[in-house]
Amino acid sequence: MKNLTIVWLFLCLGLGNGGGGGAFGAENDEKTTVLTHFVHGLIKHPKVLALLCWDSDDLFLLIKEFNKRELRIGVAESNIASLPSGAAEDDSVLLLDWQCPCTSDLLSKLNLSQYEQFKWIFINDMPEDDPNLFTTLNSHFIGVGSDIFVIRRRDTDTFVIERVYKVHRHATELSREFYATWSITENSFTNAALVPSITSRRRQNMHKNVVRASMVITHNDSLNHLDDYRDQHRDTIAKVNFILTNHLMAFMNATVQFSVVDTWGYLNKENNTWNGMIGELTDNKADIGATALFFTDNRISVIQYVAMTTKTLSKIVFQSPKLSYTDNVFLLPFSRIVWICVVVTVPTIAVALAMVMYAEWKVPLKPHDETDVSMLHPSLKDCLQLVFCALCQQGSSTIPKSFSGRLIMFLTFLILMFLFASYSANIVALLGAPSSKIKTLEDFLDSRLKMGADDTVFNRFYFPRQTEGTRRALYERKIVNKDGSTNFMSLDKGVALLRKGLYGFHFETGPGYKLISETFNEDEKCGLQEISFLQMIDPYYAIQKNSTMKEIIKIGLFRLYEHGIQHRENTRYYTAKPQCSGTGSKFISVSIIDVQPAILLLCWGFGFAGIAFLFETAMKRAKCGDRMKNFQTKISSHI
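This write-up is about the structure you can find in this document. These numbers were taken from a predicted model, which means no experiment stands behind them. (Residues numbered from 1 in each chain as written. Predicted model: local features only at pLDDT ≥ 70, side-chain atom pairs only at ≥ 80, totals over all residues. Heavy atoms only, no water.)

**Remarks on the environment of methionine 409**
No. 1: Secondary-structure assignment places methionine 409 in helix H13 (residues 403-431).
No. 2: Apart from residues no more than four positions distant in its own chain, methionine 409 is found in contact with Leu353, Leu386 and Pro400. (Helix = DSSP H or I, 4+ residues; strand = E, 2+ residues; numbered from the N terminus. Contact = heavy atoms within 4.5 Å.)

Below you can see the structure in the form of structure tokens.
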């Protein structure tokens, strides 16, 4: 705008005095008056750029009148290069005179976004040129989001001010909104129209013009059940948005024409083109995308996201595995401090018992029968073995004979009986308890659970393109099989595998939970867990980039939300996570994996026993060998 100010100062200081401007004459005084009052009184202090071919005197008069009312104005040549560029200039008002020769040429070079980027004021002082003015404007797509004023002389005493636009790209006639009239004799506006000041409210009526909508259908049979609420688990997002689109078109009083594609649209990097619904939006084959889609970085530059219409997410859903699949249930009954107390108590009792037995043998109350094998000897090893047998509620072949020793054994068995009962009861409860340890993708990756995914277009697109470490590993280790095949399957098959357990299935939660509600028993609905895999927000409704209907569609969708229509349709189509109403009496059998730690302990015990046996055998043979050698030495010495 700096260069525009310099141009205007040059005109004011050096080119005045009527140079070459007789074509407009005193009539420009009337135009200057109506323009000044119109901009000051009705548009409220804008930044005005005059693209006029007036002579310097007329321009000076226009600037002078604007300055009296503290309005900002600049002057530039009437060509495409003079248009402001940059977001800071988006609220500028462009002023053009239809009688200037370059005005028509400038209009022919404008694009749609430039029509809507600025406010436009066209003034025409020749009533006989009105048909040419409106015909020229009608040849361009001046959308409903544009703000174009036409000030035309109706007679010698009156100017008429109108707004013009086209309700649709293919509309045959230019729509005209009466705004006000200006009386030259009264020097004021008369008959100002009482219309809403917000453009999107005034022009929400599309007068039954056709709006092209592209929708994504992945199951052909869904075309027969778009609005009858059947097969709600198939193409759910398309069916919900189909109904909402029809409500939106009713709000806009438009006629919708649907086209069907089989994918939302993904970028082909080889030729930089889009397919599917986004391809139809970018190629101007559709005005709106009638199926909500996810946000991605590369889509933001080619389409316009308007509003969230469908609250749906895709997650990995699985039944909580038994606790034994994630933890060693034989260590869980007691807390760490209890285990420490047990470890300390057993040797303590053994030491106390050994001391009593030492006293019993050292100072016997009655003679001991050395041949009695049931008598406990004052050995720490034997006492420790006896206490350990008591810990496992097992008897012992040796017992103390004194009263003090028997009292210690009685108290030991009594205390350890309560400990054993508590441990056994907890083990029984834990064998059938579900695990809550799998809470993150890392936990799921490290678990023994297998995984599959719903065979949809976006799953097949997003899963192989994951770059984050855990998600990439989850795809490579649980989705891709060793033979190269993948675990993408139908929703019915995936839910059936999910029902069997030890299986995670990635699907859209709304239709997936509906199928689960219909096929699972009540007790099978308990313990369902979910983990998010795709880092996406809820899908949004999309339209063409820089669409002239953006504000009307946005307002219409917000109206559907505020009036509860969107909530009603989402509630009817999307099923929430089933609530657990099982009685808890389901029989759970114990499997090998539940007792795996005990089996491993038994195997390790057998292994150590075998090693000990071999060691004892070797030691015995070694002693026998030494004895035989000593015996032979004695015989040799006697000989």
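Picking up after the structure, the text goes on.
**Considering the sheet that holds strand E20 (residues 540-544)**
No. 1: Here we have five strands laid out as an open sheet, ordered E10-E9-E13-E20-E14, and mixed in their pairing. Edge positions in the sheet fall to strand E10 (255-261) and strand E14 (303-308), since each of these pairs with one other strand and no more. Between one strand axis and the next, the sheet turns through 30° on average, direction left out of account.
No. 2: Pairing of strand E13 (residues 288-293) with E20, which is carried by three bridges, proceeds in the antiparallel orientation. Each residue of the ladder has a partner; that of leucine 293, found in E20, is tyrosine 540.
No. 3: Most of the contacts of helix H19 (residues 550-562) go to E14, to which it runs at about 20°, and overall it touches E13, E14 and E20. (Pairing = 2+ DSSP bridges. Axes fitted to C-alpha atoms, helices over the stretch in contact; angles between N-to-C directions.)

**Description of the nonpolar core**
No. 1: In this structure, Met252, Phe444 and Ile553 are the most contacted members of the largest nonpolar core, which totals 81 residues.
No. 2: Considering each element in turn, this core owes the most residues, nine residues, to helix H8 (residues 236-252).
No. 3: Leave out the neighbours within four places in its chain, and isoleucine 553 touches Leu248, Met252, Ile288, Val306, Tyr541 and Ile543.
No. 4: The next biggest cluster of nonpolar side chains, apart from the first, holds 26 residues, and it includes Val39, Leu71, Ile73 and Leu95. (Core = buried A, V, L, I, M, F, W, Y, C linked by side-chain atoms within 4.5 Å. Buried < 20%, exposed > 50% of the residue type's maximum accessible area, 1.4 Å probe, protein only.)

**Remarks on the pairing of strand E15 (residues 314-319)**
No. 1: Of all six residues making up E15, six are buried, and the element is well covered by its neighbours.
No. 2: Covered by surrounding structure in E15 are Ser314, Ile316 and Phe318 together with Lys315, Val317 and Gln319, the residues of both alternating faces.
No. 3: Relative to strand E18 (residues 503-508), E15 is paired through five bridges, and the arrangement is antiparallel. Paired with lysine 315 across the strands is phenylalanine 507, a residue of E18.
No. 4: Strand direction decides the pairing type here: E15 and strand E19 (residues 528-532), joined by five bridges, are antiparallel. If you follow phenylalanine 318 over to E19, its bridge partner there is glutamine 529.

**Considerations on the packing of H8 against helix H20 (residues 565-573)**
No. 1: Two numbers describe how H8 lies on H20: the axes approach to 10 Å, and their chain directions differ by 155°. By the criterion of interaxial angle, the relationship of H8 to H20 is roughly antiparallel. Remark: the crossing between H8 and H20 carries right-handed chirality. Contacts between H8 and H20 involve Thr236, Lys239, Val240, Ile243, Leu244 and His247 on the former and, on the latter, Ile565, Gln566, Arg568, Glu569, Asn570 and Tyr573.
No. 2: Looking at the contact of H8 with H20 residue by residue, the classes come out as five nonpolar, four polar and three charged. (Parallel < 35°, antiparallel > 145°, perpendicular 65-115°, else oblique. Left-handed = near helix turned anticlockwise from the far one by under 90°. Nonpolar A, V, L, I, M, F, W, Y, C, P; charged D, E, K, R; others polar.)

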